[in-house]
Amino acid sequence: MIQVGPVVGVMPDRRDCPAVAGVSAAMADDRPSADRARSRFDEAAERSGQAVQRARHRGGQAGRIRARQWEVTLVISIQAGLAAAIAALLAQKLLGQGSHVFAPAAAVGTIATAIGQRARRTFELLGGVALGIIIGDTLRFLLGNGPWQTGVVVALAIAVALLVAGRGGPLVGQAGGTAVLIATLAPMERGLELPRIFDALVGGAVGLVVVALLLPVNPMRVLDRAAAPIFAVLCEQLAELAQGLRDRDGDRTLRVLDRLRGTEDDVSRLHDALSGAEEVVTLAPVRWHRREQYHRYARSADHLERLLLDTRALARWSSTALQYDEPIPPQLPDAMTRLGQAVAEMRTECRVGDDPRRTLRLIEECAELAGQAAASGVKSFGESLVTGLRTAASDLLRACGCELDDANRIVRRAAGVGEAAVHPLVRRQLHRVRPTRALRARRRAHLAARMRMANGPASPQGRPAR
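Because the structure is a prediction, the values reported are computed rather than measured.

## Let's talk about the overall build of the chain
Here's step 1: Along the chain, the regular secondary structure elements total 16 helices and 0 strands.
Here's step 2: Out of the 466 residues belonging to the chain, those deemed buried represent 35%.
Here's step 3: A fraction of 74% describes how many contacts in the chain between residues 6 or more apart in sequence connect residues 24 or more apart.

Now the structure itself:
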């Protein structure tokens, strides 16, 4: 009687054994319809739950962005109102009675411009007014007054302003507007040139004083808010990419790539914030103590943008590796998880001003796991993933303040430790055993025998035979 016991072994892969795939398909067809319906219902419920979580996350991000926009709007509106009031008051006190409309208008124009461009906008505004006055008075003297003369004056003023500035902006707008005023109002009201220039000076100066002295923004707070979306995207998408590799889900990695490609607006806002923070720490005396912190943050932001490009490359190589069905060692997704944790830890430590010790430890763990993955066996795109992880780790170290050579050395050493953990190196003995007297005698006898064999048999006279 033959007893059939449990068979213990490794199940063959369906791709390697078509028969197993056919039997599995037949067994799947024989399952009850209730189980199949229940499994489909569970999958639909799981997809719905994930969709709800994504919607909540996006809603939370949108709420935070709207809150930041409201705060920025409130600050700029208060600055603009205060600058307009001060400019109108100074124009009346310094320039005498009259309709000094352009002084508060210039102050508001200086405040309302993009942060980080206020000083340049003020100088462009003054240059545009001067250019419009020069061209308007010169052509009015040569051509006279009239509708077609006004058109010629404005056209020439705009053309010269565009040639000077190279692009549109305050200089072009003020040159055209001043040329219109000179060409149309100068024949009826004399002495428009000097009041307009003084109004521009008063308004621009008041705008800069309000920005720099009265209500200067906190540059580090502006930078932190601008960099927050980039940190959030990096942490979230690195975690998504790691999970996609664990599940061998190519669609998930492609979604990560699409999300990372849509971060141009966040990067542009970060650059604008850097420009604005530089303006504040340069002009506002109460913010001069933030200069060193700003320069350190600016260097970190540069490498943070490189890290964003590195993550995009990781998503691209991950999708390609899964498409070609390459082996993915478990250390690869673990290394990406460590990289995302290091990004989050770096932001926390930078905000509180601590030394990035925990960030360095996580980066070393990422590089070590990448070395283990390389030693475990990867193919072409897997090697690209390992290289990309090491590059991203180096860029993150440089964002923490490390120099290039130090960052590369740390990553190289950690990756070497990971490789050695999988394939230990064969090391020679550090010290040689001192030979005994008998061993030295045997070596001498062996050497003498080899010399005799090389010289041939000796002749009776003691000479070697020829």
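## Quick look at the UniProt feature "transmembrane region" (unreviewed entry) in the chain
Here's step 1: Following the UniProt record, one finds the feature "transmembrane region" (unreviewed entry) at residues 72-91, 97-116, 123-142, 148-164 and 194-215.
Here's step 2: Counted over residues 123-142, helix gives 100% and strand 0%. Its end C-alpha atoms are 29 Å apart.
Here's step 3: In the segment residues 148-164, helix accounts for 100% and strand for 0%; the C-alpha atoms at its two ends are 24 Å apart.

## Details of helix α9 (residues 250-261)
Here's step 1: The first and last C-alpha atoms of α9 sit 17 Å apart over 12 residues, in line with the 16 Å expected at 1.5 Å per residue.
Here's step 2: Buried within α9 we find R252, T253, V256, L257 and L260. One side of α9 carries all its buried residues, which in axial view fall inside an arc of 145°.
Here's step 3: On its buried face, α9 sits against α8 (219-247) and α11 (291-323).
Here's step 4: Capping the start of α9, D249 holds a side-chain oxygen 3.3 Å from the backbone nitrogen of D251, two or three residues further along.

## Some words on the pattern of salt bridges
Here's step 1: Counted according to the given criterion, the structure contains 12 salt bridges.
Here's step 2: For D302, the salt bridge goes to R306, with nearest N and O atoms at 4.0 Å. Pair noted here: D302 and R306 are both in helix α11, with a separation of 4 residues, about one helical turn.
Here's step 3: We note a salt bridge from E365 to R338, for which the minimum N-O separation is 2.8 Å.

## A look at the packing of α9 against α11
Each pair of packed helices can be described by the angle between their axes along with the distance between the axes.
Here's step 1: The N-to-C vectors of α9 and α11 enclose an angle of 155°; their axes lie 9 Å apart at closest approach. Comparing their axes, α11 and α9 come out roughly antiparallel. Crossing angle aside, the handedness with which α9 passes α11 is left-handed. Contacts between α9 and α11 involve G250, T253, L254, V256, L257, L260 and R261 from the first element and L308, T311, R312, A315, R316, S318, S319 and L322 from the second.
Here's step 2: In terms of residue class, the contact of α9 with α11 is built from 7 nonpolar, 5 polar and 3 charged.

## A short note on the packing of aromatic side chains
Two aromatic rings, taken as a pair, are described by how far apart their centres are and by the angle between their planes.
Here's step 1: Inspection of every chain in the model, using the stated rule, returns 1 aromatic pair.
Here's step 2: Judged by centre distance (5.5 Å) and plane angle (25°), the ring pair of Y324 and F381 falls under stacked. With Y324 in the loop between α11 and α12 (331-352) and F381 in helix α14 (residues 380-399), this pair connects stretches of sequence that are 57 residues apart.
Here's step 3: On the basis of relative accessible area, Y324 is assigned to the exposed category, the value being 56%.
Here's step 4: The class for F381 is partly exposed, based on a relative accessible area of 25%.

## Details of the nonpolar core
Here's step 1: Counting 59 residues, the largest nonpolar core has L223, M336, L339, L389 and L396 as its most contacted members.
Here's step 2: If you list the elements that add at least two residues to this core, you get α8, α9, α10 (264-283), α11, α12, α13 (357-376), α14 and α15 (404-422).
Here's step 3: Considering each element in turn, this core owes the most residues, 12 residues, to α8.
Here's step 4: Once you skip the residues sitting within four places of it in the chain, M336 turns out to touch L238, L241, A242, L245, L314, S318, L385 and L389.

## A closer look at the environment of E236
Here's step 1: Note on placement: E236 falls in helix α8.
Here's step 2: For E236, a relative accessible area of 31% gives the class partly exposed.
Here's step 3: On a C-alpha basis, the gap between E236 and T337 in space is 9.9 Å, while along the polypeptide they are 101 residues apart.

Scoring rules and cut-offs
Residues numbered from 1 in each chain as written. Predicted model: local features only at pLDDT ≥ 70, side-chain atom pairs only at ≥ 80, totals over all residues. Heavy atoms only, no water. Helix = DSSP H or I, 4+ residues; strand = E, 2+ residues; numbered from the N terminus. Buried < 20%, exposed > 50% of the residue type's maximum accessible area, 1.4 Å probe, protein only. Contact = heavy atoms within 4.5 Å. UniProt positions renumbered as here; feature names shortened; annotations may be inferred. Expected span 1.5 Å × (residues − 1). Arc of directions from axis to C-beta. Polar contact = N/O pair within 3.5 Å; in protein donor to acceptor, adjacent residues only side chain to side chain. Salt bridge = Lys/Arg side-chain N within 4 Å of Asp/Glu carboxyl O. Axes fitted to C-alpha atoms, helices over the stretch in contact; angles between N-to-C directions. Parallel < 35°, antiparallel > 145°, perpendicular 65-115°, else oblique. Left-handed = near helix turned anticlockwise from the far one by under 90°. Nonpolar A, V, L, I, M, F, W, Y, C, P; charged D, E, K, R; others polar. Phe/Tyr/Trp six-rings, centres within 6.5 Å; stacked < 30°, edge-to-face > 60°. Core = buried A, V, L, I, M, F, W, Y, C linked by side-chain atoms within 4.5 Å.

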